[in-house]
Amino acid sequence: MTRDTIVDQKSIRVKFWLYFSGMALFILLLLWLLQIVFINSFYKSMKIRDTEKVGRTVTRLFGKEDFEDTLLRYSFEKNLSLQVYNDRGGLVFPLNPLDYIYQPTISGDDFFTYFQPLLKNDKTEETYVADYKNENASTILYVSYLGEEAGQKYFLAVSANVDPVDSTVEILKDQLMIVSIISLMVAFILSLYLSSRLARPLSDMAKTARALGQGNYDVQFKEQDYTEINDLARTLNYATGELTDALEMRKDLIANVSHDFKTPLTVIKSYGEMIRDISGDNKELREKHTQTILEEVDYLTNFVNDLLDLSRVESGLGTLSLTDVNLRELTEEVLARFKSLKEKGYVFRIHGGGLMVCDSNKIRQVIYNFISNGINYSQNKKEIDIYIISEGNLISYCVRDYGKGIPKEDQDSIWERFYRGRDHHERQMVGTGLGLFICKNILELHGFRYGVKSAVGVGSTFYFQGPLGENEKGGTVR
Ligand code: ADP
């Protein structure tokens, strides 16, 4: 047997249909129970209440002038039998046989049975469901003590015949049967329709997801008529977008990396060949060619380092070891790596200082990138100013150069992966386009504010701002 031929009890369609039909069945059962099973007792208690009410009203009117008329009126209006007995069980009213419609008289034995509590003065009223010997249906009997007149005690008996409700029940049964069949059918069809309507978008989504899994990244999860399903569709579309982006990024990365490797490798190869074939004996030319090869190797080393940093930043995201870091000391440490540049006339000035709560290894990398960019794009103005300024609970770190600057429209893009300015045609030996992307990742991981202020031909200031270290708060800045 395949999955399609048996009923899948876990499917929304089947479950929904079962619940819905079950509910319809339950409501119908309840209706049957109330209408058919309880109708007799319901009818009886209603009749008892009615009889008692009339009995009490009439009892209160005893002694009034039109008492007998009242009795007659009630017997006609309410289809009841109202009788007055004396304390020996003699019928006092009605005596005229034309005055009553239905009159089961209470015979001697029955009288003493039912009126006993009243005769003994235990009670003033009592209600019975009586089964007289000569009647086949039961009778509701309300008896009460009316009062005394001329030394004679009088009692009231109100009787109501409990009509058999069987015929009514039969009619109801027939009606209910029709109602039940129709409503069950409606519930059955409606639930079948609703459940498949509800389940369809979900199975559509499963189909789309399967297509996505098979590598079709153009799929779109369709929004439907249900809020929850729309939420799901939106989330899945978002996830698909992210997945596509990640795949795009992987493609870009491979393309960029292979391109960036290919060019220096070609250069190295051709200069190597030139040394072998042409400049081998010419010291001056050979040194020039060797220098080019060394520069390309440096570039490659630099590039590989950046790639390693990148993968470290991306895989190690979320792990920060925060301490109070002395930014001035950290900067001096970084500047030591640029020592050779000082000999070439570069001037580095550090202004201010202070502690920042950050991950020192990661922030060292940011500082390194900011400063090396400052150097790379400084052109002839070989000066870099570093400002460490605390304001309130925050401390800012700024690297300022006086180089070529960045056009306004590029100031957002420079933080992207592999972005290297607009002059792509010009091969830039200096950069890999990864430095600022790495910085961005690190600074965002810290939750720091960061950015660049720059004007073409004037220079750039790269900055970030983080929380001031504990020891510095309220204290002085070195
Ligand atoms: P790169 O390795 O190319 O320097 P980055 O991510 O560090 O990569 O920088 C991206 C681009 O931003 C650079 O190629 C350059 O065009 C621009 N840029 C970065 N820093 C500066 C700066 N201080 N002055 C001018 N342009 C800069």
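Residues numbered from 1 in each chain as written. Predicted model: local features only at pLDDT ≥ 70, side-chain atom pairs only at ≥ 80, totals over all residues. Heavy atoms only, no water.

Colleague: Explain the overall build of the protein to me, please; I cannot follow it from the model alone.
Modeller: Tallying secondary structure elements over the protein gives 11 helices and 12 strands in all. Taking the contacts inside the protein whose residues are at least 6 apart along the sequence as the reference set, 66% of them involve residues at least 24 apart. Side-chain charges in the protein split into 56 positive and 65 negative, and the spacing between the mean points of these groups amounts to 7 Å. (Helix = DSSP H or I, 4+ residues; strand = E, 2+ residues; numbered from the N terminus. Contact = heavy atoms within 4.5 Å. Lys, Arg positive; Asp, Glu negative; His and termini not counted. Charge placed at Lys NZ, Arg CZ, Asp CG, Glu CD.)

Colleague: Would you mind going over the pattern of salt bridges with me for this structure?
Modeller: Side-chain pairs of opposite charge can arise where the charged atoms are in close proximity. Enumeration according to the criterion identifies 14 salt bridges in this entry. Across the pair K251 and E248 runs a salt bridge, and its minimum N-O distance is 3.5 Å. In this pair, K251 and E248 both sit in helix 6 (residues 227-277), three residues apart, roughly one turn of the helix. Its relative accessible area of 55% is what places K251 among the exposed residues. (Salt bridge = Lys/Arg side-chain N within 4 Å of Asp/Glu carboxyl O. Buried < 20%, exposed > 50% of the residue type's maximum accessible area, 1.4 Å probe, protein only.)

Colleague: What am I meant to see in the site of the ligand here?
Modeller: Around the ligand lies a shell of 17 residues, among which N373, Y377, D401, T432 and L436 are the nearest. A distance of 3.4 Å separates an oxygen atom of the ligand from a polar backbone atom of G435. Between the ligand and S460 there is a distance of 3.5 Å, counted from a nitrogen atom to a side-chain nitrogen or oxygen. Alone, the ligand offers 530 Å² of accessible surface; in the complex the protein occludes 96% of this. Of all the elements in the fold, those that place two or more residues in the shell around the ligand are helix 11 (435-446) and strand 12 (459-467). Within the shell around the ligand, the residues separate by chemical class into seven nonpolar, eight polar and two charged. (Near = heavy atom within 4 Å. Polar contact = N/O pair within 3.5 Å; in protein donor to acceptor, adjacent residues only side chain to side chain. Areas by Shrake-Rupley, 256 points an atom, 1.4 Å probe, with all protein chains shown as cover. Nonpolar A, V, L, I, M, F, W, Y, C, P; charged D, E, K, R; others polar.)

Colleague: Explain helix 10 (residues 360-376) here, please?
Modeller: Working note: α-helix, 3.6 residues per turn, so residues spaced by three or four point in the same direction. Here helix 10 contains 17 residues, and its C-alpha end-to-end distance of 24 Å stays within 8% of the 24 Å for a straight helix at 1.5 Å per residue. Restricting attention to buried positions, one finds in helix 10 the residues K362, I363, Q365, V366, I367, N369, F370, I371, S372, N373, G374 and I375. Measuring from the backbone nitrogen of N361 back to the side-chain oxygen at the start of helix 10 gives 3.2 Å, which picks out D359 as the cap. (Expected span 1.5 Å × (residues − 1).)

Colleague: What is the right way to look at the nonpolar core in this model?
Modeller: Inside soluble globular proteins, nonpolar side chains tend to come together where they are buried. Of all hydrophobic cores here, the largest spans 48 residues; its most connected members are I363, F370, I371, I386, Y397 and F464. Among the nonpolar cores identified, the runner-up in size contains 20 residues, and Y74, Y142, L146 and Y154 belong to it. (Core = buried A, V, L, I, M, F, W, Y, C linked by side-chain atoms within 4.5 Å.)

Colleague: Help me understand the packing of helix 10 against helix 11 in this model?
Modeller: When two helices pack together, their arrangement is given by the angle between the helix axes and the distance between those axes. Between helix 10 and helix 11, whose axes approach to 9 Å, the crossing angle comes to 145 degrees. You can see that helix 10 and helix 11 cross each other, and the crossing is left-handed. Of the residues in helix 11, those in contact with K362, I363, Q365, V366, N369, F370 and N373 of helix 10 are G435, L436, I438, C439, I442, L443, L445 and H446. A per-class count over the contact of helix 10 with helix 11 returns nine nonpolar, five polar and one charged. (Axes fitted to C-alpha atoms, helices over the stretch in contact; angles between N-to-C directions. Left-handed = near helix turned anticlockwise from the far one by under 90°.)

Colleague: Explain the sheet that holds strand 1 (residues 81-86) to me, please; I cannot follow it from the model alone.
Modeller: Through backbone hydrogen bonds, the strands of a sheet pair up, either in parallel or in antiparallel fashion. On the basis of which strands lie adjacent, the open sheet formed by five strands has the order 2-1-5-4-3 and antiparallel pairing. Strand pairing shows two members of the sheet lacking a second neighbour, strand 2 (91-93) and strand 3 (125-130), which therefore form its edges. For this sheet, the mean angle separating the axes of adjacent strands, direction not counted, is 30 degrees. Pairing of strand 4 (residues 139-149) with strand 5 (residues 152-161) involves 10 bridges; the strand directions are antiparallel. Residue pairing for strand 5: E148 is matched across the bridge by K153. Against the sheet, helix 3 (residues 67-77) touches strand 1, strand 2, strand 4 and strand 5, its axis set at about 140 degrees to strand 1. (Pairing = 2+ DSSP bridges.)

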